[in-house]
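Geometric and topological summary
Residue strings, one per chain:
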Amino acid sequence: MHATHSEANEGDSGNSSTRLADRLLRSEHIIAALEKGVAVLDTELRVTWANEPFRKWCQSEPRGKALLEALGSVTVVWPEFFSTDSLQLGKSTSIR
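Residues numbered from 1 in each chain as written. Predicted model: local features only at pLDDT ≥ 70, side-chain atom pairs only at ≥ 80, totals over all residues. Heavy atoms only, no water.

Time to look at the overall build of the protein chain. Secondary structure assignment for the protein chain yields four helices and two strands. For the protein chain, the α and β elements follow one another from N to C terminus as α-β-β-α-α-α. Relative to its full complement of 96 residues, the protein chain shows a buried share of 14%. (Helix = DSSP H or I, 4+ residues; strand = E, 2+ residues; numbered from the N terminus. Buried < 20%, exposed > 50% of the residue type's maximum accessible area, 1.4 Å probe, protein only.)

Below is the structure:
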């Protein structure tokens, strides 16, 4: 018995999905282990995920909150070259 082309692709897509899920989980573990605070923001600059050091900076659970709201009473000095446009385009950026 031979598998049809569509049956073979279904098997491949299941494996691809599993491999992708495994890679994402490994990446999340690596980022979570960093000593520096890391947050993932959506296009509205709301926190969708944060590692432990970032959560320690926040007064309460940051997920679902706007970045500055999540950080609370900290003073943030925005560099002039920092543009939220890149964030809204899905590009990564960092502030030190």
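This paragraph deals with the nonpolar core. In terms of nonpolar packing, the biggest core is built from seven residues, these being Val47, Ala50, Phe54, Cys58, Leu67, Ala70 and Leu71. Elements represented by at least two residues in this core include exactly β2 (47–50) and α3 (67–71). In terms of residue count, α3 provides more of this core than any other element does, three residues in total. In this structure, Val47 is in contact with Ala39, Val40, Leu41, Phe54, Pro62, Arg63, Gly64, Lys65, Leu67 and Ala70, ignoring residues within four places of it in sequence. (Core = buried A, V, L, I, M, F, W, Y, C linked by side-chain atoms within 4.5 Å. Contact = heavy atoms within 4.5 Å.)

To continue, consider the confidence of the model for the protein chain. On average, residues of the protein chain score 75 in pLDDT, and 67% of them are at 70 or above. Here residues 1–11 scores under 50 on pLDDT; set against residues more than four positions off or in separate chains, the count is one contact. (pLDDT = per-residue confidence, 0-100.)

This part takes up the environment of Gln59. Of note, Gln59 is situated in the loop between α2 (52–57) and α3. The class for Gln59 is exposed, based on a relative accessible area of 63%. Separated by 15 residues in sequence, Gln59 and Val74 have C-alpha atoms that sit 10.0 Å apart. Non-local contacts of Gln59, meaning those with residues more than four positions away in its chain, are made with Ala70, Gly72 and Ser73.

Before going further, it helps to spend a moment on unusual backbone geometry. Positive phi, normally seen in glycine, also occurs at Leu45, with a value near 65°. We classify Leu45 as partly exposed; its relative accessible area is 23%.

A few words on the pairing of β2. Note: strand β1 (residues 39–41) against β2, three bridges, orientation antiparallel. Looking across to β2, one finds that Ala39 is bridged to Ala50. The loop that links β1 with its antiparallel partner β2 comprises five residues; one of these, Leu45, has a positive phi angle of about 65°. (Pairing = 2+ DSSP bridges.)

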